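So the chains spell out like this:
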Amino acid sequence: TRSTRPQRMLKAVQKNATKGNPQSVISAIDYFCKNSEWAMNVGDEKGSILDSVVTEVNPSTVLELGTYCGYSTVRIARLLSPGTKLITLEFNPAYATVARQIIAYAGLQDKVTLVEGSSADLIPQIKERFGITTFDFIFLDHWKDRYLPDIKLFEECGLLRKGSVLLADNVICPGAPEYLEYVRNSPRYESRYYPAHLEYTKAEDGLEKSVFLG
Ligand SMILES: O=C(NCc1cccc(CNc2ccc3[nH]ncc3c2)c1)c1cc(-c2ccc(F)cc2)cc(O)c1O
Ligand SMILES: [Mg+2]
């Protein structure tokens, strides 16, 4: 049967990247998406903004919602201090299978815990399952209609502390209007929009960075 796009992306990584070299894995995926098939990775333009925010925060505890093929997982994990791990959550088992292999190819498997499941189920379990009190950095890149319910869930579960940084992909395209309205109008967040473009296209998109004020 015909391969899937994530499987073809994995093949491109295995063919064009150097094992254990995260930057070469990032470049191989971007090349594949620009020259072969578009895919919903955060991409190089928004990825550079992600890099700068992660570097600025230098987080000890990290959560990513929406692994897909692991592109942003690799971007984040390659920047973490030694001993720091990130938890990434993926609902689609086929995506998770490819992501594990791409993360391993980059040599970052020891810095990543990939959990299969949905945010609604996992978020309330995080404290007991992973011994985490609060997150320093959260990257939202899963179903766009889950951004708002999930940020409220983070608050309810006490997973945010004064200074926790949430970075949301696709706030323009496909869009997360209710989430934007919430973080931009809530007195509990300081929000800032980083304009960019939808990965590998000229369409407008951007990232919203929101700092929890406690
Ligand atoms: O929709 C998007 N991504 C989310 C997504 C999408 C599908 C499946 C999953 C399954 N993974 C999943 C689900 C629920 C979950 N709960 N907790 C974890 C978790 C994980 C996740 C997206 C779309 C576009 C886009 C498409 C088309 C177009 F024309 C323009 C733009 C661009 C992006 O950058 C995007 O990020
Ligand atoms: Mg995205």
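Treat the numbers as computed from the prediction; the structure is a model and nothing was measured. (Residues numbered from 1 in each chain as written. Chains lettered and ligands numbered in written order. Predicted model: local features only at pLDDT ≥ 70, side-chain atom pairs only at ≥ 80, totals over all residues. Heavy atoms only, no water.)

*Asks:* Mind laying out the overall build of the protein, listing which residues take part and the relevant values?
*Replies:* Check the secondary structure of the protein and you find 10 helices and seven strands. In terms of overall size, the protein behaves like a compact globule, its C-alpha atoms giving a radius of gyration of 16 Å where 214 residues would be expected to give roughly 17 Å. C-alpha extents for the protein along the principal axes are approximately 50 × 40 × 35 Å. Looking at the 214 residues of the protein, the share that counts as buried comes to 54%. Separation between the mean location of the 25 positive side-chain charges and that of the 26 negative ones in the protein comes to 5 Å. (Helix = DSSP H or I, 4+ residues; strand = E, 2+ residues; numbered from the N terminus. Rg over C-alpha atoms; globule rule 2.2 N^0.38 Å. Buried < 20%, exposed > 50% of the residue type's maximum accessible area, 1.4 Å probe, protein only. Lys, Arg positive; Asp, Glu negative; His and termini not counted. Charge placed at Lys NZ, Arg CZ, Asp CG, Glu CD.)

*Asks:* So what's going on with the pattern of salt bridges? Residues and values would help.
*Replies:* With the rule as written, the count across this model stands at 15 salt bridges. The closest approach of N and O atoms between E116 and R100, which form a salt bridge, is 3.2 Å. In this pair, E116 sits in strand 3 (residues 112-116) while R100 sits in helix 5 (residues 93-105), placing the two residues 16 residues apart along the sequence. Using a relative accessible area of 42% as the deciding quantity, one classes E116 as partly exposed. Because the salt bridges share partners, they merge into one network encompassing K46, D169, E199 and D205. (Salt bridge = Lys/Arg side-chain N within 4 Å of Asp/Glu carboxyl O.)

*Asks:* Pulling in residues and values, what's your account of the state of the cysteines?
*Replies:* Counting across every chain of the model gives zero disulfides. The structure places no disulfide on C33, whose sulfur is separated from the nearest cysteine sulfur, that of C69, by 8.3 Å. On the accessibility criterion, C33 (6% relative accessible area) is buried. C173 carries a free sulfur, and the closest cysteine sulfur to it, the one in C33, is 15 Å from it. Given a relative accessible area of 25%, C173 falls into the partly exposed group. (Disulfide = S-S within 2.5 Å.)

Everything listed here is a matter of geometry and, on its own, says nothing about what the molecule does.
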